[in-house]
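If you want the building blocks of each chain, they are given just below.
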Amino acid sequence: MNYASMENWKSMKYITKYIYTVLLMIPLPLLAQQVPVLPLDSILQRIDRNNVLLQSYGYKAESYKYSADAATAWMAPMVGLGTFMTPYPGQMIMDDRDKGNLMLEIEQDIPNPAKLNAKRKYIASQGNIERATRYMTLNDLKAQAKTLYYNWLIAKQRIGVLQENEKIMVMMKKIEEVRYPYNQSQLGSVFKADAKIEENHNMIRMQEGTIAKARSWLNSLMNAPGNASFDIDTTTWQPSFTPAGSYDTTVLATVRKDVLRMNESIRSMQLNVESMQQEKKPDFKIRFDHMYPLGASMPAAYSVMGMVSIPIVPWSSKMYKSEIKAMRLNIQGMEKEKAAMLQETQGMLYGMQYEIQSMQKRIAGMEEKVIPSLQKTLDAYFLNYQENKLALTTVIDAWEALTMMQTNVLDEKLKLYEMIADYEKQLYR
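Residues numbered from 1 in each chain as written. Predicted model: local features only at pLDDT ≥ 70, side-chain atom pairs only at ≥ 80, totals over all residues. Heavy atoms only, no water.

A. Seen up close, the overall build of the protein chain. Summing up its helical and strand segments, the protein chain has ten helices and six strands in all. Here the protein chain, with 429 residues, has 33% of them falling under the buried criterion. Of all intrachain contacts in the protein chain linking residues separated by at least 6 positions in sequence, the fraction that spans at least 24 positions is 82%. Of the roughly 26500 Å² that the protein chain leaves accessible, carbon and sulfur atoms contribute 58%. (Helix = DSSP H or I, 4+ residues; strand = E, 2+ residues; numbered from the N terminus. Buried < 20%, exposed > 50% of the residue type's maximum accessible area, 1.4 Å probe, protein only. Contact = heavy atoms within 4.5 Å. Areas by Shrake-Rupley, 256 points an atom, 1.4 Å probe, with all protein chains shown as cover.)

Okay, here's the thing in structure tokens:
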């Protein structure tokens, strides 16, 4: 093989290798799965739709529907077969009619329709209590999801602050490394800068752990695998506080889910009172007896008996009258409990609103005045440091002060967001 052929062979080999590499790279973007970005509203909708605990309340509420239908069923008829007025063996029989009868008996209880309907309404009303309990649980799960979401959001902002501030420390380390051979810096300064950088990395790892924890918990609330990957929307949405227009107890009674559940419990108990009041109405029973005489000369006979209960007698009415009084007192107690709960909630919401608004002002002051001043201080110190007019330790102190203040602001923001989530939970609980 001459030199030209060898060069051509090398060129073809290079081109083939290049084409092969390109072909391998083409499918990669197509195969790569893009991590979905979920805003808070989407997460809350998935919890409402997929959470297993919430689904259980739906099944329980549906079960009361069938239990209510079962309450209107009649007892099964009783059928009996035996003898009637049959003499014992060994006794003298003087006439065919003394031989007795073979008897068929059919008996049916006929409940009072008013009782059945009242009981059916009472049992069906318990399904509404389960639905109201679902609303309460959903509100609690939403508050939990918001708290996890806000922790994730703040953790990402902390990572952004730490990464941005790390650039300054990395630059100062490089400057120290350049100056050290010329005896313009101390070796300890290089190590100190390196330690600060590593400390910064550890803080970033801590925030990444917070994000992983929040992701896993949110997945469990959405009934998704705990390791399912997704990200949150940090660009188009930020938490905001909108106070309620009124804290009147009448308005709160219409929006709070625990009040709704209590109202359904009171309504169910009132239906139980109505059901118990129906106990003073009578029940019925009918019985039919057919006799086959054992003597040939005797005719077949039958007996029809209708019976009615008398529940108004004192020894029977005492039961349902006492039950009605007990349930009415229980209802009055629940009404007082509801009024106390609404009054307490009203004061709590006023206090939470003032505290949130105060914290918003405090955070605004720190962001608009304190942090810019610390940033200017660091910039001025860093400029003097670059001109070798200032020691590294002074710049590190200014850097730590800025980083600490930015971290404190994010801590306050997290408290603010958690207070907003708790406020919304208490408002709609």
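B. Quick look at a positive patch on the surface. On the surface, Lys-280, Lys-281, Lys-321 and Lys-325 cluster together into a positively charged patch. Turning to its location among the elements, Lys-325 is positioned in helix H9 (residues 314-386). (Patch = residues over 30% accessible without salt bridge, like charges linked within 9 Å, V, L, I, M, F, W, Y side chains within 5 Å. Salt bridge = Lys/Arg side-chain N within 4 Å of Asp/Glu carboxyl O. Lys, Arg positive; Asp, Glu negative; His and termini not counted. Charge placed at Lys NZ, Arg CZ, Asp CG, Glu CD.)

C. Looking closely at the pattern of salt bridges. Inspection of every chain in the model, using the stated rule, returns 19 salt bridges. For Glu-424, the salt bridge identified is with Lys-146, shortest N-O distance 2.5 Å. Here the residue Glu-424 occupies a position in helix H10 (residues 392-428), and Lys-146 occupies one in helix H5 (residues 113-179), the gap between them amounting to 278 residues. In this structure, the salt-bridge partner of Arg-287 is Asp-289, at a minimum N-O distance of 3.6 Å. Given the relative accessible area of 24%, Arg-287 is considered partly exposed.

D. Representation of the environment of Thr-394 in the model. Relative to the helices and strands, Thr-394 resides in helix H10. Taking the C-alpha atoms as reference points, Thr-394 and Leu-378, separated by 16 residues in sequence, lie 9.4 Å from one another.

E. Main features of helix H3 (residues 40-50). Along H3, the residues that are buried comprise Leu-40, Ile-43, Leu-44 and Ile-47. Projected onto a plane normal to the axis of H3, the buried residues spread over an arc of 95° and lie on a single side. Seen from the open side of H3, the exposed residues pointing more than 90 degrees away from its buried face are Asp-41, Gln-45 and Arg-49. (Arc of directions from axis to C-beta.)

F. Molecular detail of the packing of aromatic side chains. All told, the structure shown has seven aromatic pairs when counted by the stated rule. Between the aromatic rings of Phe-241 and Tyr-423, the centroid separation amounts to 5.1 Å while the plane-to-plane angle is 75°, which identifies the pairing as edge-to-face. Of this pair, Phe-241 sits in the loop between strand E4 (231-232) and helix H7 (249-255) while Tyr-423 sits in helix H10, and the two are 182 residues apart along the sequence. Neither Phe-241 nor Tyr-423 differs from the other in exposure class; each is buried. Judged by centre distance (6.2 Å) and plane angle (35°), the ring pair of Phe-382 and Tyr-385 falls under tilted. (Phe/Tyr/Trp six-rings, centres within 6.5 Å; stacked < 30°, edge-to-face > 60°.)

G. Quick peek at the packing of H9 against H10. As a packed pair, H9 and H10 sit with axes 9 Å apart at the nearest point and diverge in direction by 160°. Classified by the angle their axes make, H9 and H10 are roughly antiparallel. Here H9 runs over H10; the crossing is left-handed. Here the contact of H9 with H10 is composed, by residue class, of 27 nonpolar, seven polar and seven charged. (Axes fitted to C-alpha atoms, helices over the stretch in contact; angles between N-to-C directions. Parallel < 35°, antiparallel > 145°, perpendicular 65-115°, else oblique. Left-handed = near helix turned anticlockwise from the far one by under 90°. Nonpolar A, V, L, I, M, F, W, Y, C, P; charged D, E, K, R; others polar.)

H. Examining the nonpolar core more closely. Formed by 75 residues in total, the largest nonpolar core has its most connected members in Ile-43, Ile-47, Leu-218, Phe-230 and Tyr-423. Elements with a minimum of two residues in this core: H3, H5, helix H6 (187-221), helix H8 (257-277), H9 and H10. Leaving out residues up to four positions away in the same chain, Ile-43 has contacts with Leu-38, Tyr-149, Leu-218, Met-222 and Phe-230. (Core = buried A, V, L, I, M, F, W, Y, C linked by side-chain atoms within 4.5 Å.)

I. Seen up close, the sheet that holds strand E2 (residues 78-84). Pairing within the open sheet is antiparallel, and its four strands lie in the order E2-E3-E5-E6. Every other strand in the sheet has two partners, leaving E2 and strand E6 (301-308) as the edge strands with one partner each. Averaged over all adjacent pairs, the angle separating strand axes in this sheet is 15°, with direction ignored. (Pairing = 2+ DSSP bridges.)

J. View of the pairing of E2. Of all the seven residues making up E2, zero are buried; the element is thus mostly uncovered. With seven bridges joining them, E2 and strand E3 (residues 101-110) adopt antiparallel strand pairing. Of the residues in E3, the one forming a bridge with Phe-84 is Asn-101.

Note that all results are geometric; they support no functional claim without further evidence.
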